[in-house]
Amino acid sequence: MDWDKLLFNAAVFAAGVFMLDYGADKFIDHTVVIGQRLRVSQTLIAVLTAGAEYEELAVVIAAVLQKQSPLALGNVMGSTISNILGAFSLGLLLHPGPIVFDQSAKVYTALLVSITTAFSILAYFNMLNKITGGVLVAIFLMYMLCTCYAIQKGVMEPPEASDSDSDNDASDDEHSYVPPRPQGNIVQDESETSPLLTNEGILDSKKRAPRSLFYHTSQLIMGLLTLTISGYLLSRSASVIADCFHLSGTVVGLTVVSFATTLPEKMVAIISGSRGHSGIVVASTAGSNIFLLTLCAGVIALAGLSADKRDSVLLFELFSTWISSVMLFLAVFVRASRAVGALFLVVYVAFLILEFTVYRR
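Small disclaimer: the values here were computed from a predicted structure and weren't measured.

Moving on to the overall build of the protein. If you tally the helices and strands in the protein, you get 15 helices and 2 strands. Considering only residue pairs separated by 6 or more positions, the protein has 88% of its internal contacts joining residues 24 or more positions apart. Counting every atom, the protein has about 16700 Å² of accessible surface; 66% of that belongs to carbon and sulfur.

On to helix α12 (residues 263–274), then. For α12, which comprises 12 residues, the first-to-last C-alpha distance of 16 Å matches the rise-based estimate of 16 Å (1.5 Å per residue) to within 8%. Within α12, 10 of the 12 residues are buried, leaving the element largely enclosed by the surrounding structure. Along α12, the residues classified as buried are Leu263, Pro264, Glu265, Lys266, Met267, Val268, Ala269, Ile271, Ser272 and Gly273. Glycine 276 sits one or two residues past α12 and shows a positive phi near 85 degrees.

With that settled, consider the environment of isoleucine 323. Along the chain, isoleucine 323 turns up in helix α14 (residues 315–333). For isoleucine 323, a relative accessible area of 27% gives the class partly exposed. The spacing of isoleucine 323 and isoleucine 81 is 242 residues in sequence and 9.0 Å in space, taken between C-alpha atoms.

Attention now moves to the nonpolar core. Judged by nonpolar contacts, the single largest core of 57 residues is most densely connected at Phe88, Phe101, Phe119 and Leu128. Those elements giving two or more residues to this core turn out to be α3 (54–65), α4 (69–94), α5 (103–124), α6 (130–153), α11 (249–261), α13 (278–303), α14 and α15 (338–356). Counting residues per element, this core draws most heavily on α13, which supplies 12 residues. Apart from the residues within four sequence positions on either side, phenylalanine 119 is in contact with Leu73, Met77, Leu128, Leu293, Ala297 and Leu318. Residues Phe27, Ile34, Leu227 and Ile280 belong to the second largest nonpolar core, which totals 8 residues.

Once that is clear, we can look at empty space enclosed by the protein. Inspection of every chain in the model, using the stated rule, returns 3 cavities of 30 Å³ or more. Taken together, 10 residues form the lining of the second largest cavity, with Val59, Ala63, Leu71, Arg236 and Ser239 sitting closest to its centre. Among the secondary structure elements, those contributing two or more residues to the lining of the second largest cavity are α3 and α10 (213–244). Per-class residue counts for the lining of the second largest cavity are 5 nonpolar, 4 polar and 1 charged.

Below, the discussion takes up the packing of α5 against α13. Interaxial distance between α5 and α13 falls to 9 Å at its minimum, and their mutual angle equals 30 degrees. Classed by the angle they form, the pair α5 and α13 counts as roughly parallel. Where α5 crosses over α13, the two elements pack in a sense that is left-handed. For the pair α5 and α13, the contacting residues are Ala105, Tyr108, Thr109, Leu111, Leu112, Ile115, Thr116 and Phe119 in the first and Val282, Ala286, Asn289, Ile290, Leu293, Thr294 and Ala297 in the second. The residue makeup of the contact of α5 with α13, split by class, is 11 nonpolar, 4 polar and no charged.

Turning next to the confidence of the model for the protein. When pLDDT is averaged along the protein, the result is 76, and 74% of the positions lie at 70 or above. Helix α7 (residues 163–166) is the least confidently modelled element of the protein, averaging 37 in pLDDT, while α14 averages 93, the highest of any element. Taken together, the stretch residues 155–203 has pLDDT below 50 and engages in 63 contacts with residues farther than four places along the chain or on a different chain.

A separate point is unusual backbone geometry. The phi angle at asparagine 126 is positive, at roughly 55 degrees, despite the residue not being glycine. Structurally, the position occupied by asparagine 126 is in the loop between α5 and α6. When its relative accessible area of 62% is taken as the criterion, asparagine 126 is described as exposed.

What follows is about the layout of surface pockets. Counted as a void, the second largest pocket has a volume near 190 Å³. Of all the elements in the fold, those that place two or more residues in the lining of the second largest pocket are α5 and α6. Broken down by element, the lining of the second largest pocket gets its largest block of residues, 6 residues, from α6. Grouping the amino acids of the lining of the second largest pocket by side-chain chemistry returns 10 nonpolar, 1 polar and no charged.

Attention now goes to the side chain of threonine 226. Here threonine 226 lies in helix α10. According to the relative accessible area criterion, threonine 226 is buried, its value standing at 10%.

Once that is clear, we can look at the side chain of histidine 95. Within the secondary structure, histidine 95 is located in the loop between α4 and α5. Setting aside residues no more than four positions away along its own chain, histidine 95 makes contact with Gly273, Gly276, His277, Ser278 and Arg338.

Rules used throughout
Residues numbered from 1 in each chain as written. Predicted model: local features only at pLDDT ≥ 70, side-chain atom pairs only at ≥ 80, totals over all residues. Heavy atoms only, no water. Helix = DSSP H or I, 4+ residues; strand = E, 2+ residues; numbered from the N terminus. Contact = heavy atoms within 4.5 Å. Areas by Shrake-Rupley, 256 points an atom, 1.4 Å probe, with all protein chains shown as cover. Expected span 1.5 Å × (residues − 1). Buried < 20%, exposed > 50% of the residue type's maximum accessible area, 1.4 Å probe, protein only. Core = buried A, V, L, I, M, F, W, Y, C linked by side-chain atoms within 4.5 Å. 1 Å grid on protein atoms, 1.4 Å probe; cavity = no way out; pocket = protein on both sides within 12 Å on 5 of 7 lines; lining within 4 Å. Points joined across faces, edges and corners; volume = space filled by probe spheres on them. Nonpolar A, V, L, I, M, F, W, Y, C, P; charged D, E, K, R; others polar. Axes fitted to C-alpha atoms, helices over the stretch in contact; angles between N-to-C directions. Parallel < 35°, antiparallel > 145°, perpendicular 65-115°, else oblique. Left-handed = near helix turned anticlockwise from the far one by under 90°. pLDDT = per-residue confidence, 0-100.

If you want it as structure tokens, here you go:
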């Protein structure tokens, strides 16, 4: 075993985790503000942003170029399972109060079940070819256009918070405090020493004007870019670490790489769930999986799958992908509780154990 390679990639993995926290925190704060400013559902904003799995697409393209289609397909399936059973479950567990999902969350989870069913059928009958790959990519483009149209027209649920709340901009950097100015041994407030400051001026000096929409949009993009870079670092380092232990491409993609590349979604779910933004939790999960099972799976199908039957996808793995989407759909419609989140997490751990033991290859 190459210990130098192993230790180096372990250090890269750790650095990626620190980047995750920064990117996820910036993404959550500014997604909430943008949703309030535009008067559209946070679910739609998050679907269009966090739901775009750019780091997953980078991993898929890299694997395809290296003739490792089993790794790419395993990563897509493993990530869809991890997003639901690993990330969404954490959002449920850490939610502080009653969990309520808006209408747009129900629409996107129902759409996800349909797409997952179609993908499972195509994969089971070995029909992932250039024709079906083109269809999957076309479905993704149509899905993105419909989402943008829904945001423009505002046809979905309005945001939970009122517009007046948006003036606070949900971010710590929106407020500034003018500290007292020392004079000798007596500390006096600036309002007591300056005759030019009226009561209105004092209030204005203690609170800055709300940031512009462009500022929040740029900060949101910066958070997404950080999540993307960290996801790529995590996936590449995890792949090398798994290679050191001689696991097959499909198993590596289904377990180690998928767990690493979905760490951004887990971080988003943890932060948004703990802050009570259930719409963002669902949007990040459903949007990510739709992205994976349409665009990413379409790219793999267009490139052609490996003919090695020993590294092909098993029925157990296809069933796990499909049933996880059904579980998400049911959880949204029945208003899942923390107990459901705990159940999801237990099922995910059981899936990983089975992949490393019974279905290891």
